[in-house]
Amino acid sequence: MALLKLPMAWYQLNIIFMAPPQEFWCVKPNSFHKYTTEEWRKMCAPQIEENPCLIFDPDVLLIAPTMERTLIALVPCTQFNYDTTTFTRTIVSDWNLVCTRHWLVHLTQCVMMSGVLLGGIIFGIIADNYGRKMPLMICIVLQAVTSYIVCIIPWFWTFLVIWFVLALASGGLGIISFVICMEIVGGKWRTTIPVLYHLPFGLGNAVMSALAYWLRDWRKLEFSLATLSSLYILYWFVIPESPRWLLATGQRDKAIEVLNNAAMVNNKQKDFQIVKKWLLSCKETIIEAPGFLAFIKSKNMRMKTVLLSGNWFCTGLEFYTFSQYLGAIGGNIFLTVALTGIISIPGGILCVYIITKFGRRTTVWIFQTITAACFLLILFVPKNIFANDWPRLLIAGTGFAGLAGTVPALYLLSGELFPTLGRNAGVGGVTIFARIASMIAPLIVSLDDVMLDLPLIILSIVSFAHLFLLVPLPETKDRPLPDTLEEAEQFN
């Protein structure tokens, strides 16, 4: 399940390499053949803009190249050349997503996150009603097929449609794989496994960065990611159904079969016989899984659901805004993304220790404090004084490590507050707000044009607000998992 975090990182964050900052200029008309490209660029565009979308009227320039520029009208450029020094091909250069079409880059990421949002809801509901394994495999196959289609599609709007379907699969994978991790283990492992499950996300960033550095072409990058993602189809042969879900839905015999296989693999046949005897003595009951609205209607669960939704909104806004803001930190985009991904791994490992000792809520509090402090520190450290801007890059990596500790702890807290019957719907419902925040993230990043470092100021404020939303939530450490809505309602 943890390895599924790799493609989640690839597809949810690869906009960084699909549409990186890329210099562009207006195509030189044939009538200006006697001028070099550099001469053309200097004479055709106002020097007040780095990448101008308006140029001086070429017909006037051709007749009077030395005329005072203030006397020449500006006209829109319709064809562009792109700097291919770093990236040979991007979605920007393929579909001219510059100037009046630049908003389509933000739309691409919004489409991805809206798909992840809906995928978590749709497949979460399906998994609560029809089991975990089959919806998981549908998501894996859907992800593999659509990721291949994405890398060859020649039309932008068709690309967006396929991109949305791919996002649905990614959202479903995120919810179902996490819930399986929670339900397939018990005891002390219920804390450790769901936290360690998140570690490969940072590694996914590093792998994606290495592939992007090697390939330098977004279509080749997507093809390589599609090929790696297709290997997960083999999961059909190794992933069992969740025994906790089988028991909660009255499918005792199937649950016993899964547990028997587990006992054989782990040489625990004697322990299994005790468990089997107890299970056979229990009365079979079938309870309908509640939907997300049921948690809103229940008094106790309503408060917890609202608070968790607020926590996830803050987390999503911090994570996705900061991920996209990384391009402004450091001089090498490949190194920046890879290092922040690698540095985030110790954050997840440290989370295991802290969450075991101090509980879920306290762990989120600690890591959020670290993240907020890093956002503030970056504001006060001078830019580009040291090679590759390494002090700010190091602080950014530490902040990312803080977020890497926040996410698994908050996932675990959320999963333990919602009951088994409805856990997918509950966790999927509150994490919706992280996806909503991810759609706002590009707008927050663009505020850097309004005021320098305004995105970081906003992130700092959001981080501290996040801390206050944690206070009313109950601690779930060493508490039994609720299986029904009634049990969850009594959890305080």
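Residues numbered from 1 in each chain as written. Predicted model: local features only at pLDDT ≥ 70, side-chain atom pairs only at ≥ 80, totals over all residues. Heavy atoms only, no water.

(A) Spatial organisation of the packing of helix α8 (residues 156-183) against helix α20 (residues 423-446). Two elements in contact, α8 and α20, have axes separated by 10 Å at closest approach and are oriented at 130 degrees. Accordingly, the angle class assigned to the pair α8 and α20 is oblique. The two elements α8 and α20 cross, and the hand of that crossing is right-handed. Here I175, I176, V179, M182 and E183 of α8 come into contact with α20, specifically with R423, N424, V427, G428 and T431. When the residues that make up the contact of α8 with α20 are grouped by side-chain class, the tally is five nonpolar, three polar and two charged. (Axes fitted to C-alpha atoms, helices over the stretch in contact; angles between N-to-C directions. Helix = DSSP H or I, 4+ residues; strand = E, 2+ residues; numbered from the N terminus. Parallel < 35°, antiparallel > 145°, perpendicular 65-115°, else oblique. Left-handed = near helix turned anticlockwise from the far one by under 90°. Contact = heavy atoms within 4.5 Å. Nonpolar A, V, L, I, M, F, W, Y, C, P; charged D, E, K, R; others polar.)

(B) Region of the structure containing the side chain of R360. Examined against the element boundaries, R360 turns out to sit in helix α18 (residues 360-380). Residue classification places R360 among the buried residues on the basis of a relative accessible area of 1%. Reaching out from R360, the side chain makes a polar contact with the side chain of T476 at a distance of 3.5 Å. Discounting residues that sit within four places of it in the chain, R360 has contacts with R190, T191, I355, A409, L412, L413, E416, E475, T476 and K477. (Buried < 20%, exposed > 50% of the residue type's maximum accessible area, 1.4 Å probe, protein only. Polar contact = N/O pair within 3.5 Å; in protein donor to acceptor, adjacent residues only side chain to side chain.)

(C) Highlighting helix α11 (residues 218-230). Between its terminal C-alpha atoms α11 stretches 18 Å, which fits the 18 Å expected from 13 residues at 1.5 Å a residue. Three or more residues of α11 are buried, namely W218, R219, L221, E222, S224, L225, A226, S229 and S230. Turning to α11, the residues buried within the fold contact α1 (5-13), α2 (15-18), α5 (91-95), α7 (133-150), α8 and α10 (200-215). Looking at where α11 begins, the residue whose side-chain oxygen comes 2.8 Å from the main-chain nitrogen of R219 is D217. (Expected span 1.5 Å × (residues − 1).)

(D) Molecular detail of the state of the cysteines. Under the counting rule described, the total for this entry stands at two disulfides. Note that C53 is cross-linked by a disulfide to C99, the S-S spacing being 1.9 Å. Taking the sign of the torsion about the S-S bond as the criterion, the disulfide between C53 and C99, at about -95 degrees, is left-handed. Remark: C99 occurs in the loop between α5 and α6 (103-130) and C53 occurs in the loop between α3 (37-44) and β2 (54-56); sequence separation between them is 46 residues. Accessibility expressed as a relative area gives 23% for C53, which makes it partly exposed. A relative accessible area of 25% means that C99 is categorised as partly exposed. Assigning the bonded cysteines of the protein consecutive numbers by sequence position, one obtains the connectivity 1-3, 2-4. Free cysteine C44: the closest other cysteine sulfur is in C26, separated by 5.9 Å. (Disulfide = S-S within 2.5 Å.)

(E) Main features of the side chain of E183. Looking at where E183 falls in the secondary structure, it is placed in helix α8. A polar side-chain atom of E183 sits 2.8 Å from a polar atom in the side chain of S242. When sequence neighbours within four positions are dropped, the list of residues in contact with E183 reads R132, S242, R244, W245, T420 and R423.

(F) Focus on the pattern of salt bridges. With the rule as written, the count across this model stands at eight salt bridges. Across the pair R89 and D217 runs a salt bridge whose closest N-O atoms are separated by 3.1 Å. Here R89, found in the loop between β4 (80-82) and α5, pairs with D217, found in the loop between α10 and α11; they are 128 residues apart in sequence, far enough to count as distant. Residue classification places R89 among the partly exposed positions, given a relative accessible area of 28%. Across the salt bridge formed by R132 and E183, the nearest N and O atoms sit 2.7 Å from each other. With R132 in the loop between α6 and α7 and E183 in helix α8, the pair connects residues that are 51 residues apart, well separated along the chain. The buried category is assigned to R132, whose relative accessible area is 0%. The network of salt bridges with shared partners includes D128, R132, E183 and R423. (Salt bridge = Lys/Arg side-chain N within 4 Å of Asp/Glu carboxyl O.)

(G) Summary view of empty space enclosed by the protein. All chains considered together, the criterion is met by four cavities of 30 Å³ or more. Looking at the largest cavity, its volume works out to about 370 Å³. Lining the largest cavity we find 29 residues, and of these K5, H198, F201, F319 and V407 sit closest to its centre. The set of elements that each furnish at least two residues to the lining of the largest cavity consists of α1, α8, α10, α16 (299-325), α17 (333-358), α19 (390-417) and α20. The biggest single contributor to the lining of the largest cavity is α19, with six residues. Across the lining of the largest cavity, the residue classes break down as 15 nonpolar, twelve polar and two charged. Space inside the second largest cavity adds up to approximately 40 Å³. Lining the second largest cavity are F17, F87, R89, L211, A212, L215, R216, D217, W218 and L221. (1 Å grid on protein atoms, 1.4 Å probe; cavity = no way out; pocket = protein on both sides within 12 Å on 5 of 7 lines; lining within 4 Å. Points joined across faces, edges and corners; volume = space filled by probe spheres on them.)

(H) Expanded view of helix α9 (residues 189-196). When we look at burial in α9, the residues that qualify are R190, T191, T192, P194 and V195. The inward-facing, buried residues of α9 contact α8, α17, α18 and α19.

(I) Inspection of a nonpolar patch on the surface at higher detail. A contiguous nonpolar patch, built from M134, I138, L234, W236, F237 and V238 and spanning about 670 Å² of accessible area, is present on the exposed surface. Tracing the backbone shows M134 in helix α7. Given a relative accessible area of 43%, M134 falls into the partly exposed group. (Patch = residues over 30% accessible without salt bridge, like charges linked within 9 Å, V, L, I, M, F, W, Y side chains within 5 Å. Areas by Shrake-Rupley, 256 points an atom, 1.4 Å probe, with all protein chains shown as cover.)

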